[in-house]
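# Reading the structure
Listed below are the residues making up each chain.
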Amino acid sequence: MDFKNKVVIITGASSGIGTATALMFANQSAKVVLVGRNEKALQDVAKKCETSKGIKPLIVKAELSVDDDLKNIIDQTINVYGRIDVLVNNAGVGVQGSIRDGIEPYDRVMSTNVRAVYYLTSLATPYLVKTKGNIVNVSSVAAFKPIRDMNFLPYCTSKAALDQITKCVAAELGRDGVRVNSVNPGATRTPFAQAAGLTLEQQNELYKAREQTLPLGKMAESEDVADLILYLASDRAKSITGSIYVIDNGEILL
Ligand SMILES: NC(=O)c1ccc[n+]([C@@H]2O[C@H](COP(=O)([O-])OP(=O)(O)OC[C@H]3O[C@@H](n4cnc5c(N)ncnc54)[C@H](OP(=O)(O)O)[C@@H]3O)[C@@H](O)[C@H]2O)c1
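Now for a quick tour of the structure.

The rules behind the values
Residues numbered from 1 in each chain as written. Predicted model: local features only at pLDDT ≥ 70, side-chain atom pairs only at ≥ 80, totals over all residues. Heavy atoms only, no water. Helix = DSSP H or I, 4+ residues; strand = E, 2+ residues; numbered from the N terminus. Buried < 20%, exposed > 50% of the residue type's maximum accessible area, 1.4 Å probe, protein only. Expected span 1.5 Å × (residues − 1). Arc of directions from axis to C-beta. Polar contact = N/O pair within 3.5 Å; in protein donor to acceptor, adjacent residues only side chain to side chain. Axes fitted to C-alpha atoms, helices over the stretch in contact; angles between N-to-C directions. Parallel < 35°, antiparallel > 145°, perpendicular 65-115°, else oblique. Left-handed = near helix turned anticlockwise from the far one by under 90°. Contact = heavy atoms within 4.5 Å. Nonpolar A, V, L, I, M, F, W, Y, C, P; charged D, E, K, R; others polar. Near = heavy atom within 4 Å. Areas by Shrake-Rupley, 256 points an atom, 1.4 Å probe, with all protein chains shown as cover.

### Topic: the environment of Arg175
Relative to the elements of secondary structure, Arg175 occurs in the loop between α5 (153-173) and β6 (179-185). A residue is classified by how much of its surface remains accessible, and Arg175, at 85% relative accessible area, is exposed. Sequence spacing of Arg175 and Val129 is 46 residues, and the spatial spacing of their C-alpha atoms is 9.6 Å.

### Thoughts on helix α2 (residues 39-53)
Its 15 residues place the ends of α2 22 Å apart at the C-alpha level, agreeing with the 21 Å of an ideal helix rising 1.5 Å per residue. Listing the buried residues of α2 in full gives Ala41, Leu42, Val45, Ala46 and Cys49. Relative to the axis of α2, the buried residues are bounded by an arc of 135° and lie together on one face. Exposed side of α2, more than 90 degrees from the buried face: Lys40, Lys47, Lys48 and Thr51 are the residues found there. With a side-chain oxygen lying 3.3 Å from the backbone nitrogen of Lys40, the N-terminal cap of α2 falls on Asn38. Downstream of α2 by one or two residues, Gly54 has phi in the positive range, about 80°.

### Structural notes on the packing of helix α3 (residues 67-81) against helix α4 (residues 104-131)
Where α3 meets α4, the axes come as close as 10 Å, and the angle between the chain directions of the two elements is 30°. If you check the angle between α3 and α4, you find them roughly parallel. When the axes of α3 and α4 are compared, the crossing they make is right-handed. Residue-level inspection shows Asp67, Leu70, Lys71, Ile73, Ile74 and Ile78 of α3 in contact with α4, the latter providing Arg115, Ala116, Tyr119, Leu120, Leu123, Ala124 and Tyr127. For the contact of α3 with α4, the residue count by class is 10 nonpolar, no polar and 3 charged.

### Considering the site of the ligand
Around the ligand, the structure places 27 residues, and the nearest of them are Ser14, Ser15, Asn90, Tyr155 and Thr190. Here an oxygen atom of the ligand and a backbone polar atom of Asn90 are 2.7 Å apart. One of the backbone nitrogen or oxygen atoms of Thr188 is found 2.9 Å away from an oxygen atom of the ligand. Within the complex, the protein chains bury 91% of what would otherwise be the 890 Å² of accessible surface of the ligand. Elements with a minimum of two residues in the shell around the ligand: α1 (16-27) and α5.

This is the structure we're talking about:
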């Protein structure tokens, strides 16, 4: 999988799956655009990316719920590289809440996990059409079933919506030569649960429960998910669009 001269935007590149994805693209000679909020983490990732093939990444600090920040991601990418070949909509937040908690958790999760993906994809589309590029969205097995031990109604709702964006945009842009696919991980070892507000003790309990119950007896690592993202973004997947790829150690079988 060679991404030489390809420009790849990765949101949420400052942590977890996004970091692993950025490093893997950089290792395949891509020009990576690292998007996130934590500047220090982005700089650390950029250094590692540069070490692999000597190509300096572009860092764009962005709060994805802010429209001007989304426009800035595209503007800076075009100013610096002049093109976009791949958009990886990876950033996401795990917001807990039940139907008894009112509308705030819903608005918070949708602004990042759905609205930002929708608008960033819209802004990137003219450039992806020019390059016959592609999009990989990072969804979740939460799109298919409630994650009841995490009280995750808002999050599950957002990922189900994201899968429909994947399919509808794939159908719309197919004749323009633009592919759109989704990677839907199950439990993956990243700072995600911590960011979702779980204490260290709760995280350990969750990980233990997953390792005990998942059919393959383990959680995924970020690199496992990144590998699948790269495959879908590569020419090897040239006949795949509108597809939802589960990578979950068998979690949805339970
Ligand atoms: N880990 C899992 O078990 C799991 C399972 C299924 C699906 N997923 C999905 O995988 C994707 C990556 O998650 P992860 O596990 O790698 O989690 P993570 O380590 O917590 O990383 C989340 C990333 O998203 C960024 N982000 C979140 N909200 C943002 C906002 N409003 N504006 C800008 N950036 C924002 C974070 O940026 P900063 O750190 O810079 O703020 C961070 O880089 C997410 O879409 C998640 O839903 C994860």
